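# Structural overview for review
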Amino acid sequence: MTALDFLCSIPHVPMILHGNEPRKASNSERRRWLENSSVLINGAKPKPFDEILFPIEQLIFFPKNQKSRCTMIDYVI
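Residues numbered from 1 in each chain as written. Predicted model: local features only at pLDDT ≥ 70, side-chain atom pairs only at ≥ 80, totals over all residues. Heavy atoms only, no water.

### Observations regarding the packing of aromatic side chains
This is how the line gets drawn: Each aromatic pair joins two rings of Phe, Tyr and Trp (for Trp, the six-membered one) with centres within 6.5 Å, and gets the label stacked for planes under 30 degrees apart, edge-to-face for over 60, and tilted for any other angle. A run of H or I in DSSP counts as a helix once it spans at least four residues, and a run of E counts as a strand once it spans at least two, with each numbered from the N terminus. When a residue's accessible area, from a 1.4 Å probe over protein chains only, is under 20% of the maximum for its type it is buried; when over 50% it is exposed; and in between it is partly exposed.
Evaluation of the coordinates by the stated rule reveals 4 aromatic pairs. Considering the side-chain rings of tryptophan 33 and phenylalanine 61, the 5.6 Å spacing of their centres and the 75 degrees angle between planes classify their relative orientation as edge-to-face. In this pair, tryptophan 33 sits in helix H2 (residues 27-35) while phenylalanine 61 sits in strand E4 (residues 58-61), placing the two residues 28 residues apart along the sequence. Residue classification places tryptophan 33 among the buried positions, given a relative accessible area of 5%. The exposure class assigned to phenylalanine 61 is buried, which follows from its relative accessible area of 0%. Geometrically, the ring pair formed by phenylalanine 61 and phenylalanine 62 is tilted, given 6.4 Å between the ring centres and 50 degrees between the ring planes. One aromatic cluster is present, built from ring pairs that chain together Trp33, Phe61 and Phe62.

### Side note on the nonpolar core
Under the convention used in this document: Working definition of a nonpolar core: buried Ala, Val, Leu, Ile, Met, Phe, Trp, Tyr and Cys residues. They are joined through side-chain atoms within 4.5 Å.
One finds Phe6, Leu7, Trp33, Val39, Ile41, Leu59 and Phe61 to be the most contacted residues of the largest nonpolar core, which totals 16 residues. Of all the secondary structure elements, the ones that give two or more residues to this core are helix H1 (3-9), H2, strand E3 (39-41) and E4. The leading source of residues in this core is H1, at 4 residues.

Function cannot be inferred from these measures alone, as they are strictly geometric.
Listed below in structure tokens is the structure:
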């Protein structure tokens, strides 16, 4: 499964703001997040069409931004 397919299959991702109104992120917005290295999946910053390995143990959106950082999964054994 590609990183973009995985992000598009997730029902809940961080919201984007359109003016002052929050909206669900579109598939093209999710692709831009991957292109800009704004998503960590299992410790890597995949591009949209990179294959990802399962199980997903770490999923972090906007890891460099302390205000916008959103940790969805951070499972450490």
